[in-house]
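One-letter residues, chain by chain:
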Amino acid sequence: MKSQSKLMTVLLLLLVTILLAGSVFAKDYQEEAIDYYDTKEIINENTEAESLLKENTNDIQGQIGAPIHSEFVAELEKENEKDIDYPNTLMRVAPEVLSSNLASNHTKEQITNRFLAAKPKTNFRNDFEVYNVFPITTGPNYVEGRLSNSAKTDTLNMLNFYRWLNGSKEVEIKEDRMSYNAKGAVLLSASNFSHYPNKPYDMDTNFFEAATEGTALAKGYQTSGNIFSGDYLPNTIGGYIDDVYNINSNNIGHRLSLLWPKATYTSFGLAGLNSCMTMYNISGNLNETESFYSWPPSGYCPTEVTAKNEMWSITLNSRYKYNISEMDIKITYRGNTYNVSKSDIYESEFYNSFFFKLPSELNNLISNMNNYKEGVFVNVEITNGIVNKNTNAQVAIKYSTEFYTVEKVSIQNMEVYGENIAGRDGYWTFDSLVGYVGESKKTLMVFSPKDTTETEVRVTFSNPEIASFDYNTNIVHYNKPGLTYCTIESISNPDVKKEFTIFVKEVIIKPDVLYNTHIQNIGWQSYTKNGEIAGTVGRSLRLEGIKINLEPSNCSRKYRI
């Protein structure tokens, strides 16, 4: 009897403790964002007490280590508007910061070696090096091209270089699908350029249906399809990654496809300058080794693989989700912070990715003619709008990218053009510039060879007070009247330079002569100007006074009344 009484006392004390704990946790839940995790049972040392709790207590839900009162569970259900799996413990969720990935660990030496190794060894302008079987793109006897081993190797190497630089796993060629892409390239050459080209009237139906799998999506696989016109494999890889063409101004599906972390295989085909490439995710292979993948990549990035106006993009591991309407993106360059407009952030439909445009001012600062400058270092910070789906923790992404040039090609020749010279629209070459104080002329510098990477120039004036040059915008400002000689020369090759004269004139303003008159019995009249009649006509009224002024007033420095 005493033992039973003692046991009931222990039981009551436990119930009081449980209710107090539930109250404390309920208050804590209301005050702060918390998450819930199941833990192992901790009531396992006193099996007799546990048994009595099960038999005599109706307020405790389940076998739990940190009990939650049923009323609190109901409150949580109402708060979250969903069923609660009666969690066992309550824990605060710390924010998660993603600041590095595999790409950020690549050294300059590693990148340089991989870049040089990936350069094509095949001359893609020589069909005898490119094909084992030549494609025929006119009917009725269409023939798919069969790429040489060297052409396949060069294309795969270039694709895998970009994937490695991005931090994604390398892929292999899926040989049994190459025929579909080869037929697809023939179809692109024989019909309209589209993921779903029209069937030429003389093309075999089976050939056509296989070709459409090469230009679009392969049946029976999780895939993405890409098409390109106007260049040779493997140069198309860089074009896909840049994705700066107007057709894809708000959609970088090509890049996301080629850098898709889940991809394990690829296949591709070529016919003339038309090609198509498919990326495959074989079921069961996730291949997401990183928390995030960025382009341009974190860490070092060669200027050769970037384009001036390309989108920047982030692909997230599937354990994260995002909402671009809540997202804040800041980019820091040389101590200045630039905020990406929310209207310039876009989401991907098929990939767990989002992408954004750089502010135009920043894009001009960090870019040369065609790509990013050597030595540019930017910090990217993305806050809000990203959540860990497993923990509901807020996620921030912070990383840095530093651009450098692998192969520096010096300028061998330079042409300089001016904007709206002599009143003509567009850009025109010139030997001299003539303008007025306060005007500005934008210059356009065209370098050869086309693969020039050392594009830094030095601009000097014999009299810098007359004109000045803005290196960020390539604009010449006319500051004061006079004649000055301007020289633009290549820093990497001082033998390459252009010299011309700039003659700046003062703005000539032809003034208006304004006058008003005081007339007998009328008084002062309104102002008239430049020979217009003042006073009255045919009324024989005296002119009793006159005022004369020049407009604008600053003309009085040159004109006297």
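The rules behind these values
- Residues numbered from 1 in each chain as written.
- Predicted model: local features only at pLDDT ≥ 70, side-chain atom pairs only at ≥ 80, totals over all residues.
- Heavy atoms only, no water.
- Helix = DSSP H or I, 4+ residues; strand = E, 2+ residues; numbered from the N terminus.
- Expected span 1.5 Å × (residues − 1).
- Buried < 20%, exposed > 50% of the residue type's maximum accessible area, 1.4 Å probe, protein only.
- Axes fitted to C-alpha atoms, helices over the stretch in contact; angles between N-to-C directions.
- Parallel < 35°, antiparallel > 145°, perpendicular 65-115°, else oblique.
- Contact = heavy atoms within 4.5 Å.
- Nonpolar A, V, L, I, M, F, W, Y, C, P; charged D, E, K, R; others polar.
- Pairing = 2+ DSSP bridges.
- pLDDT = per-residue confidence, 0-100.
- Phe/Tyr/Trp six-rings, centres within 6.5 Å; stacked < 30°, edge-to-face > 60°.
- Patch = residues over 30% accessible without salt bridge, like charges linked within 9 Å, V, L, I, M, F, W, Y side chains within 5 Å.
- Areas by Shrake-Rupley, 256 points an atom, 1.4 Å probe, with all protein chains shown as cover.
- Salt bridge = Lys/Arg side-chain N within 4 Å of Asp/Glu carboxyl O.
- Polar contact = N/O pair within 3.5 Å; in protein donor to acceptor, adjacent residues only side chain to side chain.
- Core = buried A, V, L, I, M, F, W, Y, C linked by side-chain atoms within 4.5 Å.

Focus: helix α7 (residues 178-190)
Then, number 1: Along its 13 residues, α7 runs 19 Å from first to last C-alpha, staying within 8% of the 18 Å computed at 1.5 Å per residue.
Then, number 2: Here α7 has its buried residues at Met178, Asn181, Ala182, Lys183, Gly184, Ala185, Val186, Leu187 and Leu188.

With respect to the packing of α7 against helix α8 (residues 205-215)
Then, number 1: Packing of α7 against α8 leaves a shortest axis separation of 7 Å and a crossing angle of 100°. In terms of their interaxial angle, α7 and α8 are classed as roughly perpendicular. Contact residues: Tyr180, Asn181, Lys183, Gly184, Val186, Leu187 and Leu188 in α7; Phe207, Phe208, Ala210, Ala211, Thr212, Glu213, Gly214 and Thr215 in α8.
Then, number 2: Along the lines of polarity and charge, the residues of the contact of α7 with α8 split into eight nonpolar, five polar and two charged.

Notes on the sheet that holds strand β25 (residues 457-461)
Backbone hydrogen bonds are what pair the strands of a sheet, in a parallel or an antiparallel way.
Then, number 1: Read across the open sheet, the four strands follow the order β23-β29-β28-β25; overall the sheet is mixed. The open sheet terminates on both sides in strands that have one partner only, identified here as β23 (432-436) and β25. Pairwise comparison of adjacent strand axes, ignoring direction, gives a mean angle of 20° for this sheet.
Then, number 2: Direction of pairing for β25 relative to strand β28 (residues 482-490): antiparallel, over a ladder of five bridges. Paired with Val459 across the strands is Ile488, a residue of β28.

With respect to the confidence of the model for the protein
Then, number 1: Here the protein shows a mean pLDDT of 80. Residues at 70 or above account for 78%.
Then, number 2: Below pLDDT 50 for its whole length, residues 18-91 participates in 82 contacts with residues either more than four positions away or in separate chains.

Details of the pairing of strand β24 (residues 440-448)
Then, number 1: Of the two faces of β24, only the one carrying Lys441, Thr443, Met445 and Phe447 is buried; Ser440, Lys442, Leu444, Val446 and Ser448 on the other face are not.
Then, number 2: As paired strands, strand β21 (residues 413-419) and β24 are joined by six bridges and run antiparallel to one another. The residue of β24 that forms the bridge with Gly418 is Thr443.

Overview of the packing of aromatic side chains
Then, number 1: According to the stated counting rule, one finds 18 aromatic pairs in the structure shown.
Then, number 2: Taking the centre distance of 5.7 Å and the plane angle of 70° together, the rings of Phe115 and Phe161 count as edge-to-face. You can see Phe115 sitting in helix α4 (residues 108-118) and its partner Phe161 sitting in helix α6 (residues 149-166), a full 46 residues away along the chain.
Then, number 3: A residue is classified by how much of its surface remains accessible, and Phe115, at 13% relative accessible area, is buried.
Then, number 4: Residue Phe161 is classed as buried on the basis of its relative accessible area of 1%.
Then, number 5: Measuring from centroid to centroid gives 5.8 Å for Tyr162 and Trp295, while their planes differ by 45°, and the two rings are tilted. Here Tyr162, found in helix α6, pairs with Trp295, found in strand β10 (residues 292-295); they are 133 residues apart in sequence, far enough to count as distant.

Some words on a nonpolar patch on the surface
Then, number 1: On the surface, Val434, Leu483, Tyr485 and Phe503 cluster together to form a nonpolar patch covering roughly 390 Å² of accessible area.
Then, number 2: Among the secondary structure elements, Phe503 is positioned in strand β29 (residues 497-505).

Let's talk about the side chain of Thr315
Then, number 1: Relative to the assigned elements, Thr315 resides in strand β12 (residues 312-316).
Then, number 2: For Thr315, a relative accessible area of 12% puts it in the buried group.
Then, number 3: In this structure the side chain of Thr315 is engaged in a polar contact, spanning 2.7 Å, whose partner is the side chain of Ser353.
Then, number 4: When near neighbours in sequence (up to four residues on either side) are disregarded, Thr315 contacts Leu256, Pro261, Ser291, Phe292, Tyr293, Asn352 and Ser353.

A few points about the sheet that holds strand β8 (residues 265-271)
Then, number 1: Read from one edge to the other, the open sheet built from four strands follows the order β6-β8-β9-β7, with strand pairing classed as mixed. Edge positions in the sheet fall to β6 (172-173) and β7 (222-229), since each has one partner strand and no second.
Then, number 2: Sheet topology note: the β7/strand β9 (residues 274-281) ladder contains eight bridges and is antiparallel. Across the sheet, the residue bridging to Ser224 is Met279, located in β9.
Then, number 3: Most of the contacts of α6 go to β8, to which it runs at about 130°, and overall it touches β6, β8 and β9.

Considerations on the nonpolar core
Then, number 1: Counting 73 residues, the largest nonpolar core has Trp312, Phe354 and Ile386 as its most contacted members.
Then, number 2: Top contributing element to this core by residue count: α6, with eight residues.
Then, number 3: Those residues in contact with Ile386 that lie beyond four places of it in its chain are Leu316, Tyr320, Lys321, Tyr322, Met327, Phe354, Ala393, Gln394, Val395 and Ile397.
Then, number 4: Counting residues in hydrophobic clusters, the runner-up holds 21 residues, among them Ile411, Val416, Val459 and Cys486.

Topic: the environment of Ser294
Then, number 1: Looking at the element boundaries, Ser294 is found in strand β10.
Then, number 2: Overall, Ser294 belongs to the buried group, its relative accessible area being 2%.
Then, number 3: Taking the C-alpha atoms as reference points, Ser294 and Phe354, separated by 60 residues in sequence, lie 9.9 Å from one another.
Then, number 4: Beyond its immediate sequence surroundings of up to four residues, Ser294 is in contact with Asn101, Asn166, Ser313, Ile314 and Tyr399.
Then, number 5: Here Pro296 takes part through its backbone oxygen, which lies 3.4 Å from a polar atom of the side chain of Ser294.

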